[in-house]
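Descriptive analysis of the structure
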Amino acid sequence: MADQTGSMRPRTVDPRVTDVALGIAMALVVAVVIAADRDAAAHAGPGAYLFAAGFGALVLLRRRLPRVMVVATVLAVFVYYALRFAPIGMALPAIAALYSAAEVRRTGWAVGGGAVLVAVATYYRVTGDDAEEYLTPYDLVTNIALAAAAVALGVAVRLSREARQHEARAAEQRLHAERLRIARDLHDMVGHDLSVIALHSGVAAEAVGRDDDAARSALAHVREATSGTLHALRSTVRVLRGPVDATSPAPGTSPTGLAGVEVLAEPARAAGLRVRVELDVPDGALDGAVDAAAYRIVQESLTNVLRHAEATRVTVAAHVAGDRLLVRVADDGRGAGPRLVPGSGISGMRERASLLGGSLVVHDDQEGGFVVHADLPTRLDD
């Protein structure tokens, strides 16, 4: 059976089938031990084999009523020996009960049940007149080993299952986080490109018939931005249709880091916006994730300037101060006013900064315009 990522999942066996098979196996094992008794004629009979079937039937309670199964099995063992049926060992009929209780987080009940069986067997071996018939020192050691092994196996199976479940949940969380990252990157890139397209389309519309060279230049920028956006959309769709590799960025959406800020500035400059870039970040000073986040913050900030600011100039500055990267994007536009309501773009920038252990604040500049200030660590903790 294939999951949504196209991988094949193994078929699972119905738990009820497993329980029935385990119950039948338990009944058969006890019945074989009864039949193998050298005095079977004296000790065995329909009653003993009914007990064997009963021990198997109790296994069907292992998932819903594990504690009831342990108690009922222990009591049934005592009744079996009280009726003087063929010796089958005190722990053997209870193996499934002890294992099942330990497997479903009822380890205390499993240990308690095994301890009661061994303790009672030891007591009657020491005090009973004919206990030697039913319990030899070898039998005592065997009972302890069987009980301990059953409990240990149940605990081991449970821990193994929980580890697999934890890994599956962690993988699902990583997949979800990676898809969110792809969505954020795609939002930032497409939003920026659409802002460039809208801006240059307006320039081209105004220049047609008056400055054909300017119109052609603006349309070239529109064509370039459109082509890049379509390529990124096709690449992202291919990624989302198949398994997502959390170790590599989505094709077409991979940020280039602060080194790509000049490329981001070119379309805005071509539209008449004066963009000043001031970068003082030594090579190798930033972890890759921090560099990429800073790039996306600058990209989203420039997109907001193109869309909303009505600005004529913008300054992009980034420098390293100790172990912090400080990024500032400021424009001379109309600002946001006293009632700023952060949209998805600002919320996304804040989320990026927060995930890296940094912060992001936005506010109107006292001299007019709008300011985005990000404070990020240069290195991520291991």
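Let us look at the structure shown here. All values reported here derive from a predicted model rather than from experimental measurement.

Conventions used here
- By convention here, each chain's residues receive numbers from 1 onward along its written sequence.
- Reporting of local features is limited, given that this is a predicted model, to residues whose pLDDT is at least 70; pairs of side-chain atoms are given and counted only at 80 or more, and all residues count toward the totals for whole chains, interfaces and linings.
- Remark: hydrogens and water are excluded; side-chain values derive from all non-hydrogen atoms of the structure.
- A 1.4 Å probe rolled over the protein chains alone gives each residue an accessible area, and that area as a share of the maximum for its type sets the label: buried under 20%, exposed over 50%, partly exposed in between.
- Strands here mean DSSP runs of E at least two residues long; helices mean DSSP runs of H or I at least four residues long; both are numbered from the N terminus.
- Whether two strands pair comes down to DSSP finding at least two bridges between them.
- The salt bridge definition used is simple: a Lys or Arg side-chain nitrogen within 4 Å of an Asp or Glu carboxyl oxygen.
- The nonpolar core is taken to be a set of buried Ala, Val, Leu, Ile, Met, Phe, Trp, Tyr and Cys residues, with the residues joined through side-chain atoms within 4.5 Å.
- Angles here are taken between N-to-C directions and fall from 0 to 180 degrees, while the axes themselves are lines fitted to C-alpha atoms, restricted in helices to the stretch in contact.
- Contacts are residue-level and defined by heavy atoms, with any inter-residue pair within 4.5 Å sufficient.
- Between 30 and 60 degrees the pair is tilted, below 30 it is stacked and above 60 it is edge-to-face, where a pair is any two Phe, Tyr or Trp rings, Trp via its six-membered ring, whose centres lie within 6.5 Å.

On to the pairing of strand 5 (residues 370-377). Counting buried residues along strand 5, 6 of its 8 residues qualify, which places the element largely inside the surrounding structure. The sheet contact formed by strand 3 (residues 324-331) and strand 5 spans 7 bridges and is antiparallel. Directly across from R324, in strand 5, lies its bridge partner P377. When strand 4 (residues 359-364) meets strand 5, the two strands line up antiparallel, connected through 6 bridges. Residue pairing for strand 5: S359 is matched across the bridge by D375. Counting the residues between successive antiparallel strands, the hairpin from strand 4 to strand 5 contains 5 residues, one of them, G368, with a positive phi of roughly 100°.

Right, let's get into the side chain of S301. Examined against the element boundaries, S301 turns out to sit in helix 10 (residues 288-309). Taking the relative accessible area as the measure of exposure, S301 reaches 2% and is therefore buried.

Moving on, we get to the pattern of salt bridges. Under the definition given, this model contains 14 salt bridges. Beyond isolated ion pairs, a larger network of salt bridges with shared partners links D19, R62, R63, E103 and R161.

Counting residues in hydrophobic clusters, the biggest one holds 40 residues, and the most contacted among them are L258, L273, V298, L325, L360 and V372. Element by element, the count of residues in this core is highest for helix 10, at 10 residues. Judged by nonpolar contacts, the second largest core, of 32 residues, contains M26, M69, Y80 and A94.

All right, on to the sheet that holds strand 5 then. Note on sheets: strands pair through backbone hydrogen bonds, and any given pair is parallel or antiparallel. The sheet built from 5 strands is open, its strands ordered 1-2-3-5-4 with mixed pairing. Here the strands that pair on one side only, and so sit at the sheet edges, are strand 1 (274-280) and strand 4. Ignoring which end each strand starts from, the neighbouring axes of this sheet average 10° apart. As judged from the 7 bridges shared by strand 1 and strand 2 (residues 313-321), these two strands associate in the parallel manner. Looking at strand 2, one finds that L279 is bridged to A318. Taken strand by strand, helix 9 (residues 261-270) contacts strand 1 and strand 2, and its axis lies near 170° from that of strand 1. Together, strand 2, strand 3, strand 4 and strand 5 form the strand contacts of helix 10, whose direction differs from that of strand 3 by roughly 10°.

Let us now look at the packing of aromatic side chains. Evaluated as defined, the whole model comprises 2 aromatic pairs. Their ring planes at 45° and their centres at 6.3 Å tell us that F51 and F55 sit as a pair that is tilted. A residue pair is termed a helical-turn pair when its members lie 3 or 4 positions apart in one helix, as F51 and F55 do in helix 3 (residues 46-58) at 4 residues. By relative accessible area, which is 3% here, F55 ends up buried. Note on F51 and Y80: the rings are 5.5 Å apart at their centroids and 80° apart in plane angle, and the pair reads as edge-to-face. One end of the pair, F51, is in helix 3; the other, Y80, is in helix 4 (residues 66-82), and 29 residues separate them in sequence. For Y80, a relative accessible area of 0% gives the class buried. By the ring-pair criterion, three or more aromatic residues cluster together here, those being F51, F55 and Y80.

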